[in-house]
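Geometric and topological summary
For reference, the chains in residue letters:
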Amino acid sequence: MTRPAGTSGQPVALEPVGKGNRAAIRALELLPEQQGFVASNAESLAEARQDDEAIARAVVAAGRVVGFLMYSAPEDDDEAIIYRFMIDRREQGKGLGRAAVAKALEEIARLSHVRRVLICYEPENEAARRLYAGFGFVEQGLDQDDEMIAVLELGG
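This report concerns the structure included in the present document. Residue numbers run consecutively from 1 along every chain, following the written order of its sequence. A pLDDT threshold of at least 70 governs which residues receive local features in this predicted model, and a stricter bar of 80 or more applies before side-chain atom pairs are shown or counted, although totals over entire chains, interfaces and linings include all residues. Based on all heavy atoms of the structure, the side-chain values leave hydrogens and waters out of the count.

Re a negative patch on the surface
A residue counts toward a patch only above 30% relative accessible area and without a salt bridge, and it is joined to like-charged neighbours within 9 Å or, for Val, Leu, Ile, Met, Phe, Trp and Tyr, to nonpolar neighbours within 5 Å. To be clear on the numbers: accessible area is Shrake-Rupley with a 1.4 Å probe, and residue cover counts the displayed protein chains and nothing else. Here a salt bridge means any side-chain nitrogen of Lys or Arg lying within 4 Å of a carboxyl oxygen belonging to Asp or Glu. Note on charges: Lys and Arg go in the positive column, Asp and Glu in the negative column, and His and the chain ends are not counted at all. By convention, the point assigned to a charge is CZ for Arg, NZ for Lys, CD for Glu and CG for Asp. The grouping of D52, E53, E75, D76 and D77 at the surface amounts to a negative patch. The helix count covers DSSP runs of H or I at least four residues long, the strand count covers runs of E at least two residues long, and both are numbered beginning at the N terminus. Structurally, E53 can be placed in the loop between α2 (41-50) and β2 (54-61).

Shown next as structure tokens:
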């Protein structure tokens, strides 16, 4: 069996955030040059506890938490938005980010009300731009926070 280009041979899973993985998510780190691109995982976990629409996921590979992702998909809207995503600095460059985004898109596509997925990122984050463009996300411009918004229309 062949795997998609740019993905590792490791299977990746998205797991709900809970007591068993919260500390591991907080311990994840970005490279120094990535620090300004995404809110800290501690901030994101606190936000997820306050926001009923936030869906937080641990990115797990080989039984270890290697990343964090958060999205929302309100039932009264046909859009989902991925607004937090990171892979630990020690795990980058292995295709885990690409595999995690693919898993997130699969999970979101199973929600029958969602027709498009939005993703936001800092415009200077070239790695994110390339990653999301590889899935077919099309940049729409900057939002009120000066973050790039890109949209993926789901088939069907």
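Examining the sheet that holds strand β1 (residues 12-16)
Two strands are said to pair when DSSP picks up at least two bridges between them. With respect to topology, 7 strands assemble into an open sheet ordered β1-β2-β3-β4-β5-β7-β6, the strand pairing being mixed. Each edge of the sheet is formed by a strand with only one pairing partner; in this case those strands are β1 and β6 (138-142). Across the sheet, the mean angle separating the axes of adjacent strands is 30 degrees when strand polarity is ignored. As defined by bridge partners, β1 adjoins β2 across 5 bridges and the pair is classed as antiparallel. Within β2, the position partnered with A13 by the bridge is V60. Strands β2, β3 (64-72) and β4 (79-87) of the sheet are contacted by α2, whose axis makes an angle of about 50 degrees with β3. Contact definition: two residues touch when any of their heavy atoms are within 4.5 Å. Here an angle of 0 to 180 degrees is reported between the N-to-C directions of two axes, which are lines fitted to C-alpha atoms, with helices fitted over the stretch in contact. Where helix α3 (residues 96-109) meets the sheet, its contacts fall on β1, β2, β3, β4, β5 (116-121) and β7 (148-153), and the angle it forms with β4 comes to roughly 155 degrees.

Some words on the packing of aromatic side chains
Between the rings of Phe, Tyr and Trp (Trp by its six-membered ring), a pair exists once the centres lie within 6.5 Å; its type follows the angle of the planes, with under 30 degrees stacked, over 60 edge-to-face, and the other angles tilted. Inspection of the entire model under this criterion finds 2 aromatic pairs. An angle of 45 degrees between the planes, with centres 5.4 Å apart, marks the rings of Y121 and Y132 as tilted. Taken together, the residues span a long stretch of sequence, with Y121 in strand β5 and Y132 in helix α4 (residues 126-134) at a distance of 11 residues. The rule is simple: take the accessible area with a 1.4 Å probe, protein chains only, and divide by the maximum for that residue type; under 20% is buried, over 50% is exposed, in between is partly exposed. Judged by relative accessible area, Y132 falls into the buried class, the value being 5%.

Description of the pairing of β3
Sheet faces and side chains relate simply in a regular strand, where the side chains alternate between the two faces. Most of β3 is tucked away: 8 of the 9 residues are buried. Strand direction decides the pairing type here: β2 and β3, joined by 8 bridges, are antiparallel. Pairing of V59 across the sheet is with G67, part of β3. Here β2 folds back onto β3 in antiparallel fashion, the turn holding 2 residues, of which A62 has a positive phi close to 50 degrees. Where β3 and β4 come together, 6 bridges link them in antiparallel fashion. Bridged to G67 within β4 is I87. Counted along the chain from β3 to the antiparallel partner β4, the turn is 6 residues long.

Points about the environment of A42
Residue placement: A42 occurs in helix α2. Relative accessible area serves as the criterion here: at 40%, A42 is assigned to the partly exposed category. Separated by 10 residues in sequence, A42 and P32 have C-alpha atoms that sit 17 Å apart.

Quick notes on α2
Those residues of α2 lying buried are N41, S44, L45 and A48. Down the axis of α2, the buried set is contained in an arc of 100 degrees. They therefore lie on one face. More than 90 degrees from the buried face of α2, the exposed residues found are R49 and Q50. Taken together, the buried residues of α2 touch α1 (22-27), β2, β3 and β4. Directions drawn from the helix axis to the C-beta atoms are what define this arc.

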